Amino acid sequence: QVQLVESGGGLVQPGGSLTLSCTASGTIFRIIAMGWYRQAPGKERELVATVNSGGATNYADSVKGRFTISRETGWKTVYLQMNNLKPEDTAVYYCNTYVYTTLTTPGNYWGQGTQVTVSS
């Protein structure tokens, strides 16, 4: 019932910047929170940043001061602005949302991911 599509990944040099976008569609009664996660080869998927319906944000310690999460009015699209990228930021980045699809039906949904590679 809910679809998330990510875009904006690519190859960037260390110290460079990149912006990821995630667009939500489908049957959504109310969005509680949206966020970005990432998974590098051989590693567990980890939280990068989240934003809730009230605008409160949360960041992993490894990206604080470098990454910024934001959303459009109406929650159609959420962004992740990534600055001063490091090789260790290389991963597949996934968009996630926690929503109610009806008044009483919650659920978590994931996008398919977009590759970010930081290399010289």
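Residues numbered from 1 in each chain as written. Predicted model: local features only at pLDDT ≥ 70, side-chain atom pairs only at ≥ 80, totals over all residues. Heavy atoms only, no water.

## As for the overall build of the protein chain
Operational definition: Strands are runs of DSSP state E lasting at least 2 residues, helices are runs of H or I lasting at least 4, and numbering of each runs from the N terminus. Here the globule rule is a power law, 2.2 Å times the number of residues to the power 0.38, and the radius of gyration is based on C-alpha atoms. Each residue gets one of three labels from its accessible area relative to the maximum for its type: buried under 20%, exposed over 50%, partly exposed in between, using a 1.4 Å probe on protein chains only.
From N to C terminus, the protein chain includes zero helices and eleven strands. Tracing the protein chain from N to C terminus, the helices and strands come up as β-β-β-β-β-β-β-β-β-β-β. For the protein chain, whose C-alpha radius of gyration is 14 Å, the value lies close to the compact-globule estimate of 14 Å for 120 residues. Overall, the protein chain is about 50 × 25 × 20 Å in size when its C-alpha atoms are taken along their principal axes. By residue count, 39% of the 120 residues in the protein chain fall in the buried class.

## Re the nonpolar core
For clarity, the cut-off: By convention a nonpolar core is built from buried Ala, Val, Leu, Ile, Met, Phe, Trp, Tyr and Cys residues, the set being connected through side-chain atoms within 4.5 Å.
Membership of the largest hydrophobic core comes to 30 residues, with the highest contact counts inside it found for M34, W36, L80, M82 and Y93. Of all the secondary structure elements, the ones that give two or more residues to this core are β1 (2-7), β3 (18-26), β4 (30-39), β5 (46-52), β7 (67-71), β8 (77-82), β9 (91-102) and β11 (114-118).

## As for the sheet that holds β7
Note the cut-off: Paired strands, in this sense, are two strands between which DSSP finds at least two bridges. Each axis is a line fitted through C-alpha atoms, and for a helix only the stretch in contact is used; angles between axes span 0 to 180 degrees, taken between their N-to-C directions.
Spatially, β1-β3-β8-β7 is the arrangement adopted by the four strands of the open sheet, whose pairing is antiparallel. In the strand order of this sheet, the two ends are held by β1 and β7, each with one partner. Strand-to-strand twist in this sheet, taken as the mean axis angle between neighbours without regard to direction, amounts to 15°. Direction of pairing for β3 relative to β8: antiparallel, over a ladder of six bridges. Along β8, the bridge assignment pairs T19 with Q81.

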